[in-house]
Amino acid sequence: MNILLSNDDGYLAPGLKALYEAIKPHAHVVVIAPEHNNSAKSNSLTLNAPLYVHEGSNGFHYVNGTPADCVHIALTGYLDWRPDLVVSGINNGANMGDDTIYSGTVGAAMEGYLFGIPAVAFSQVEKGWAHLDAAAEKAGELVAQLLATLGGDPVASLATPATCEFPWLLNVNIPNRAFDQIGNYEVTRLGRRHAAQAVIQQPSPRGETMYWIGQAGEARDAAPGTDFHATSNGCISITPLQVDLTDHAALGRWAACA
């Protein structure tokens, strides 16, 4: 099996190294990750500047672009083989609820999904890398399980067996806990956050006003069944994602107005 591994925190991030070490016993793994932190870049591609791929002293390949750039380049010419799985993470902080729209970690995995390759994104719920070793071990276990089910039903051993379409895209959030204190997997839906906090304004050295995006809002929908609820109870949330943003329930209403 072949795995393409990326992230959004950069090729030197502790979460990337930990995840690489956890999954390399299960497959041939190549890392292609951003040169610098590219958090909140979503699915952004660089179209107005050249991109370069270099190899770092740690053996990881890095790109002067976004997470999606890394996966896109890998799948459209840099690699001479097609990965069986695209993996992204481990992110330094949660990607739950509305975060998934902005997440570069999810964006890297989604780029693989858009090319027809199963993909999974991993994040730790809290920033700071506490208990990263435990999160990486859990991620490694799940990747091994997913690899073993490629061509079959990836959720059969996680929940009630179901019919799945391929490829699939999973968003996984792991609590920052010791290994034996992390709960079971829970297959969840995305929760919702309140609106982000107010923008932060500061004067620049030249007297202009600078703006910094405020912190993410607190959880608004953290009901049972959501990723917020699962992780707050110490469990690992696994949320299947899709790219189709169509409001299918509203199609009939809009058609009547046309």
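The structure displayed is predicted, hence computed values, not measured ones.

How each quantity is defined
Residues numbered from 1 in each chain as written. Predicted model: local features only at pLDDT ≥ 70, side-chain atom pairs only at ≥ 80, totals over all residues. Heavy atoms only, no water. Core = buried A, V, L, I, M, F, W, Y, C linked by side-chain atoms within 4.5 Å. Buried < 20%, exposed > 50% of the residue type's maximum accessible area, 1.4 Å probe, protein only. Helix = DSSP H or I, 4+ residues; strand = E, 2+ residues; numbered from the N terminus. Pairing = 2+ DSSP bridges. Axes fitted to C-alpha atoms, helices over the stretch in contact; angles between N-to-C directions. pLDDT = per-residue confidence, 0-100. Contact = heavy atoms within 4.5 Å. Parallel < 35°, antiparallel > 145°, perpendicular 65-115°, else oblique. Left-handed = near helix turned anticlockwise from the far one by under 90°. Nonpolar A, V, L, I, M, F, W, Y, C, P; charged D, E, K, R; others polar.

Core analysis: the largest hydrophobic core is formed by 38 residues, its most contacted members being Ile 3, Leu 5, Val 87, Phe 122 and Val 172. Of all the secondary-structure elements, those providing two or more residues to this core are β1 (2-6), α1 (14-23), β2 (28-34), β5 (85-91), β6 (119-124), α5 (132-149), β7 (169-174) and β13 (236-241). Among the elements that make up this core, the one with the highest residue count is α5 (9 residues). In this structure, Ala 74, Leu 75, Ala 109 and Met 110 belong to the second largest nonpolar core, which totals 21 residues.

The sheet built from 9 strands is open, its strands ordered β3-β4-β2-β1-β5-β6-β7-β13-β8 with mixed pairing. Edge positions in the sheet fall to β3 (53-55) and β8 (185-187), since each of these pairs with one other strand and no more. Geometrically, the sheet is characterised by an average inter-axis angle of 25° between neighbouring strands, direction not taken into account. The pairing of β1 with β2 spans 4 bridges and is parallel. In the strand pairing of β2, Leu 4 is matched with Val 30.

A word on the confidence of the model for the protein. Taken as a whole, the protein shows an average pLDDT of 91; of its residues, 93% reach a score of 70 or greater. Segment residues 155-164 is flagged for pLDDT under 50; beyond a separation of four residues in sequence, or across chains, it makes 14 contacts in the model.

When two helices pack together, their arrangement is given by the angle between their axes and by how far apart the axes lie. One can describe the packing of α1 onto α5 by two numbers: an axis separation of 8 Å at closest approach and a directional angle of 45°. Considering their axes alone, α1 and α5 lie oblique with respect to each other. Once α1 is placed against α5, the crossing between them reads as right-handed. Each of Pro 14, Gly 15, Ala 18, Leu 19, Ala 22 and Ile 23 in α1 lies in contact with α5, whose residues at this interface are Leu 132, Ala 136, Ala 139, Gly 140 and Val 143. Among the residues forming the contact of α1 with α5, the class breakdown is 9 nonpolar, 2 polar and no charged.

This part is about unusual backbone geometry. Between Gly 89 and the following residue, Ile 90, the backbone shows a cis peptide bond with an omega angle of -5°. Within the secondary structure, Ile 90 is located in strand β5. Residue Ser 42 is not a glycine yet carries a positive backbone phi of 55°. Within the chain, His 131 stands out as a residue other than glycine whose phi angle is a positive 55°. For His 131, the location among the structural elements is in the loop between β6 and α5.

So, about the environment of Gly 89. Within the fold, Gly 89 resides in strand β5. For Gly 89, a relative accessible area of 0% corresponds to the buried category. Each C-alpha atom of the pair Gly 89 and Tyr 78 lies 21 Å from the other, and the pair is 11 residues apart in sequence. Those residues in contact with Gly 89, other than ones at most four positions away along the chain, are Leu 5, Ser 6, Asn 7, Gly 15, Leu 16, Leu 19, Thr 105 and Phe 122.

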